[in-house]
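Working through the structure, step by step
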Amino acid sequence: MRARIGLHLSTLNPEVREIELRNKPAEMIQASPKATVPVLIIENLDIDSSKVLEESIDVLKYSLLNYSDKNSEYLCTDEYSLLMKSITDNKAMELISLNDNQFKPWLDKYKYADRFLEQPEAFYREKACEFIEVLETKLSENNQLITSSPTIADYAIFPFVRQFAHVNKPWFQQSPYVKVKQWLELHLESELFKAVMTKYPLWLDMPETVTRLK
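In this report, the structure presented in the accompanying data block is examined. Not measured: the values here are computed from a predicted model.

Thoughts on the overall build of the protein
Across its full length, the protein carries 10 helices and 4 strands. Its C-alpha atoms give the protein a radius of gyration of 18 Å, near enough to 17 Å, the size a compact globule of 214 residues would have. Looking at the protein residue by residue over its 214 residues, the buried ones come to 41%. Accessible surface computed for the protein: about 12100 Å², of which carbon and sulfur atoms make up 48%.

As C-alpha coordinates, then:
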(Lines give C-alpha, C1' and ligand atoms only; values in the text may rest on other atoms or scores of the structure.)
Protein backbone atom coordinates (compact mmCIF):
# COMPACT_ATOMS: atom_id res chain seq x y z
CA MET A 1 0.00 0.00 0.00
CA ARG A 2 2.79 2.43 0.88
CA ALA A 3 4.51 1.79 -2.45
CA ARG A 4 1.28 2.25 -4.41
CA ILE A 5 0.63 5.53 -2.64
CA GLY A 6 3.95 6.78 -3.98
CA LEU A 7 3.11 5.60 -7.47
CA HIS A 8 -0.31 7.24 -7.45
CA LEU A 9 1.18 10.52 -6.23
CA SER A 10 3.70 10.45 -9.08
CA THR A 11 3.58 10.24 -12.86
CA LEU A 12 5.29 6.86 -12.84
CA ASN A 13 2.82 4.38 -14.31
CA PRO A 14 4.47 0.96 -14.20
CA GLU A 15 3.23 -2.36 -15.43
CA VAL A 16 1.52 -4.07 -12.50
CA ARG A 17 1.91 -7.75 -11.76
CA GLU A 18 -0.43 -8.71 -8.94
CA ILE A 19 0.71 -11.95 -7.30
CA GLU A 20 -0.19 -14.38 -4.54
CA LEU A 21 2.62 -14.67 -2.02
CA ARG A 22 1.90 -18.36 -1.60
CA ASN A 23 2.42 -18.85 -5.34
CA LYS A 24 5.31 -16.58 -6.24
CA PRO A 25 6.27 -16.50 -9.93
CA ALA A 26 9.81 -17.51 -10.83
CA GLU A 27 10.32 -14.13 -12.53
CA MET A 28 9.78 -12.34 -9.23
CA ILE A 29 12.23 -14.51 -7.32
CA GLN A 30 14.79 -14.11 -10.08
CA ALA A 31 14.48 -10.33 -9.95
CA SER A 32 14.35 -10.17 -6.15
CA PRO A 33 15.62 -13.21 -4.20
CA LYS A 34 14.20 -11.57 -1.08
CA ALA A 35 10.83 -12.66 -2.52
CA THR A 36 8.68 -10.13 -0.70
CA VAL A 37 6.47 -7.35 -2.03
CA PRO A 38 6.74 -4.73 -3.26
CA VAL A 39 9.30 -5.15 -6.02
CA LEU A 40 9.85 -2.28 -8.45
CA ILE A 41 12.05 -3.09 -11.43
CA ILE A 42 13.43 -0.01 -13.14
CA GLU A 43 14.72 -0.88 -16.57
CA ASN A 44 17.40 1.24 -18.18
CA LEU A 45 17.14 0.48 -21.87
CA ASP A 46 20.11 2.71 -22.70
CA ILE A 47 22.57 0.48 -20.88
CA ASP A 48 20.58 -2.76 -20.95
CA SER A 49 20.38 -3.11 -17.18
CA SER A 50 17.84 -2.70 -14.41
CA LYS A 51 17.61 -1.49 -10.83
CA VAL A 52 15.44 -3.26 -8.28
CA LEU A 53 13.78 -1.58 -5.30
CA GLU A 54 12.58 -4.00 -2.63
CA GLU A 55 11.44 -1.73 0.20
CA SER A 56 8.17 0.19 0.14
CA ILE A 57 9.73 3.37 1.53
CA ASP A 58 12.29 3.29 -1.29
CA VAL A 59 9.54 2.93 -3.90
CA LEU A 60 7.63 5.80 -2.32
CA LYS A 61 10.64 8.12 -2.30
CA TYR A 62 11.89 7.10 -5.75
CA SER A 63 8.48 7.70 -7.33
CA LEU A 64 8.11 11.18 -5.83
CA LEU A 65 11.69 12.31 -6.42
CA ASN A 66 11.96 11.08 -10.00
CA TYR A 67 8.38 11.37 -11.26
CA SER A 68 6.83 14.25 -9.34
CA ASP A 69 3.29 15.09 -10.41
CA LYS A 70 2.74 18.85 -10.30
CA ASN A 71 -0.84 18.28 -11.48
CA SER A 72 -1.76 15.67 -8.90
CA GLU A 73 -5.47 14.91 -8.75
CA TYR A 74 -5.17 14.19 -5.03
CA LEU A 75 -3.33 17.25 -3.70
CA CYS A 76 -3.42 20.94 -4.56
CA THR A 77 -0.21 22.68 -5.66
CA ASP A 78 0.73 23.93 -2.19
CA GLU A 79 0.01 20.55 -0.58
CA TYR A 80 2.10 18.75 -3.18
CA SER A 81 4.96 21.18 -2.70
CA LEU A 82 4.88 20.53 1.04
CA LEU A 83 4.85 16.80 0.41
CA MET A 84 7.97 17.06 -1.75
CA LYS A 85 9.79 19.20 0.82
CA SER A 86 8.97 16.69 3.56
CA ILE A 87 11.07 13.98 1.85
CA THR A 88 14.18 15.64 3.26
CA ASP A 89 12.57 16.72 6.54
CA ASN A 90 14.36 15.17 9.52
CA LYS A 91 11.24 15.08 11.69
CA ALA A 92 9.27 13.22 9.03
CA MET A 93 12.03 10.69 8.37
CA GLU A 94 12.64 10.12 12.10
CA LEU A 95 8.96 9.34 12.58
CA ILE A 96 8.99 6.91 9.65
CA SER A 97 12.07 5.24 11.12
CA LEU A 98 10.29 4.87 14.46
CA ASN A 99 7.34 3.31 12.66
CA ASP A 100 9.45 0.87 10.68
CA ASN A 101 11.94 -0.15 13.34
CA GLN A 102 9.93 -0.04 16.58
CA PHE A 103 6.21 -0.04 15.86
CA LYS A 104 6.10 -2.55 13.00
CA PRO A 105 7.88 -5.40 14.88
CA TRP A 106 5.33 -5.09 17.72
CA LEU A 107 2.52 -4.76 15.20
CA ASP A 108 3.57 -8.03 13.54
CA LYS A 109 3.55 -9.83 16.88
CA TYR A 110 0.17 -8.31 17.72
CA LYS A 111 -1.26 -9.43 14.36
CA TYR A 112 0.12 -12.94 14.73
CA ALA A 113 0.02 -13.36 18.49
CA ASP A 114 -0.81 -17.05 18.04
CA ARG A 115 2.69 -17.50 16.61
CA PHE A 116 4.43 -15.57 19.38
CA LEU A 117 3.25 -17.35 22.48
CA GLU A 118 5.92 -15.89 24.75
CA GLN A 119 3.45 -13.12 25.65
CA PRO A 120 -0.34 -12.64 25.41
CA GLU A 121 -1.83 -10.57 22.60
CA ALA A 122 -2.58 -7.69 24.98
CA PHE A 123 1.13 -7.36 25.79
CA TYR A 124 2.06 -6.87 22.13
CA ARG A 125 -0.79 -4.40 21.67
CA GLU A 126 0.41 -2.41 24.68
CA LYS A 127 3.92 -2.21 23.25
CA ALA A 128 2.56 -1.13 19.85
CA CYS A 129 0.47 1.52 21.58
CA GLU A 130 3.62 3.33 22.66
CA PHE A 131 3.94 4.51 19.07
CA ILE A 132 0.21 5.19 18.72
CA GLU A 133 0.53 7.50 21.73
CA VAL A 134 3.33 9.38 19.95
CA LEU A 135 1.03 9.88 16.96
CA GLU A 136 -1.84 10.98 19.21
CA THR A 137 0.35 13.68 20.70
CA LYS A 138 1.47 14.93 17.29
CA LEU A 139 -2.09 14.94 15.97
CA SER A 140 -3.17 17.03 18.92
CA GLU A 141 -0.94 19.77 17.51
CA ASN A 142 -1.81 19.46 13.79
CA ASN A 143 -4.37 17.76 11.56
CA GLN A 144 -1.57 15.66 10.11
CA LEU A 145 1.58 14.26 11.69
CA ILE A 146 3.95 17.11 10.84
CA THR A 147 1.75 19.98 9.73
CA SER A 148 -1.78 20.74 8.52
CA SER A 149 -1.51 18.79 5.25
CA PRO A 150 -0.15 15.30 4.54
CA THR A 151 3.59 14.76 4.30
CA ILE A 152 5.60 11.68 3.45
CA ALA A 153 5.28 10.70 7.12
CA ASP A 154 1.48 10.46 6.92
CA TYR A 155 1.53 8.44 3.70
CA ALA A 156 4.28 6.14 4.94
CA ILE A 157 2.68 5.47 8.34
CA PHE A 158 -1.09 5.35 8.01
CA PRO A 159 -1.12 1.97 6.16
CA PHE A 160 0.49 0.37 9.23
CA VAL A 161 -1.89 2.07 11.65
CA ARG A 162 -4.70 0.68 9.47
CA GLN A 163 -3.27 -2.80 10.04
CA PHE A 164 -3.12 -2.13 13.77
CA ALA A 165 -6.75 -0.99 13.83
CA HIS A 166 -7.91 -4.08 11.95
CA VAL A 167 -6.40 -6.61 14.38
CA ASN A 168 -9.18 -5.93 16.88
CA LYS A 169 -11.60 -3.36 15.48
CA PRO A 170 -13.92 -3.20 18.54
CA TRP A 171 -10.96 -2.54 20.82
CA PHE A 172 -9.56 0.14 18.52
CA GLN A 173 -12.91 1.90 18.18
CA GLN A 174 -13.27 2.24 21.96
CA SER A 175 -9.60 3.13 22.50
CA PRO A 176 -8.69 6.61 23.79
CA TYR A 177 -6.79 7.57 20.65
CA VAL A 178 -9.38 10.00 19.32
CA LYS A 179 -7.04 12.01 17.11
CA VAL A 180 -5.44 8.91 15.59
CA LYS A 181 -8.87 7.49 14.75
CA GLN A 182 -9.94 10.72 13.09
CA TRP A 183 -6.69 10.97 11.14
CA LEU A 184 -6.86 7.37 9.99
CA GLU A 185 -10.47 7.70 8.91
CA LEU A 186 -9.63 10.82 6.93
CA HIS A 187 -7.03 8.90 4.93
CA LEU A 188 -9.20 5.82 4.49
CA GLU A 189 -12.01 7.95 3.05
CA SER A 190 -9.73 9.80 0.63
CA GLU A 191 -9.87 9.37 -3.13
CA LEU A 192 -6.19 8.47 -3.04
CA PHE A 193 -6.83 5.48 -0.78
CA LYS A 194 -9.71 4.31 -2.98
CA ALA A 195 -7.41 4.40 -6.01
CA VAL A 196 -4.63 2.60 -4.15
CA MET A 197 -7.01 -0.21 -3.17
CA THR A 198 -7.98 -1.00 -6.77
CA LYS A 199 -7.88 -4.74 -7.44
CA TYR A 200 -5.91 -6.06 -10.40
CA PRO A 201 -6.07 -9.43 -12.16
CA LEU A 202 -3.57 -11.96 -10.88
CA TRP A 203 -0.57 -11.97 -13.18
CA LEU A 204 -0.26 -15.74 -12.76
CA ASP A 205 -3.72 -16.15 -14.24
CA MET A 206 -2.96 -14.07 -17.32
CA PRO A 207 0.81 -13.47 -17.65
CA GLU A 208 0.40 -12.27 -21.22
CA THR A 209 -1.75 -9.32 -20.13
CA VAL A 210 -0.13 -5.97 -19.39
CA THR A 211 -1.93 -4.05 -16.63
CA ARG A 212 -1.03 -0.46 -15.89
CA LEU A 213 -1.35 1.12 -12.45
CA LYS A 214 -3.45 4.05 -13.63
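That shown, we press on.
Some words on helix H5 (residues 90-111)
In this model, H5 (22 residues) spans 30 Å end to end at C-alpha, consistent with the 32 Å of a helix rising 1.5 Å per residue. The axis of H5 is deflected most strongly, by about 45 degrees, at Phe-103, and proline Pro-105 appears within four residues downstream. Here H5 starts with a cap whose side-chain oxygen sits 3.0 Å from the backbone nitrogen of Lys-91, and that cap is Asp-89.

A closer look at the packing of helix H6 (residues 121-139) against helix H7 (residues 152-167)
At a minimum axis separation of 12 Å, H6 and H7 run at an interaxial angle of 140 degrees. It follows from the interaxial angle that H6 and H7 lie oblique. When you trace H6 past H7, the crossing you get is left-handed. Between H6 and H7, the contacting residues are Arg-125, Ala-128, Cys-129, Phe-131, Ile-132 and Leu-135 on the first element and Ile-157, Val-161 and Phe-164 on the second. Here the contact of H6 with H7 is built from residues that sort into 8 nonpolar, no polar and 1 charged.

With respect to the nonpolar core
Core analysis: the biggest nonpolar cluster contains 44 residues, and Leu-135, Ile-157, Phe-164, Val-180 and Trp-183 have the highest contact counts within it. At the level of elements, helix H3 (56-66), helix H4 (77-86), H5, H6, H7, helix H8 (169-173), helix H9 (178-188) and helix H10 (191-196) are the ones that each hand at least two residues to this core. Other than its neighbours up to four places away in sequence, Trp-183 contacts Leu-135, Leu-139, Asn-143, Gln-144, Leu-145, Asp-154, Ile-157, Phe-158 and Val-161. Counting residues in each nonpolar core, the second largest holds 11 residues, with Leu-7, Val-16, Tyr-62 and Leu-213 among its members.

About the criteria used
Residues numbered from 1 in each chain as written. Predicted model: local features only at pLDDT ≥ 70, side-chain atom pairs only at ≥ 80, totals over all residues. Heavy atoms only, no water. Helix = DSSP H or I, 4+ residues; strand = E, 2+ residues; numbered from the N terminus. Rg over C-alpha atoms; globule rule 2.2 N^0.38 Å. Buried < 20%, exposed > 50% of the residue type's maximum accessible area, 1.4 Å probe, protein only. Areas by Shrake-Rupley, 256 points an atom, 1.4 Å probe, with all protein chains shown as cover. Expected span 1.5 Å × (residues − 1). Bend = angle between axes of the 7 residues up to and from the residue. Polar contact = N/O pair within 3.5 Å; in protein donor to acceptor, adjacent residues only side chain to side chain. Axes fitted to C-alpha atoms, helices over the stretch in contact; angles between N-to-C directions. Parallel < 35°, antiparallel > 145°, perpendicular 65-115°, else oblique. Left-handed = near helix turned anticlockwise from the far one by under 90°. Contact = heavy atoms within 4.5 Å. Nonpolar A, V, L, I, M, F, W, Y, C, P; charged D, E, K, R; others polar. Core = buried A, V, L, I, M, F, W, Y, C linked by side-chain atoms within 4.5 Å.

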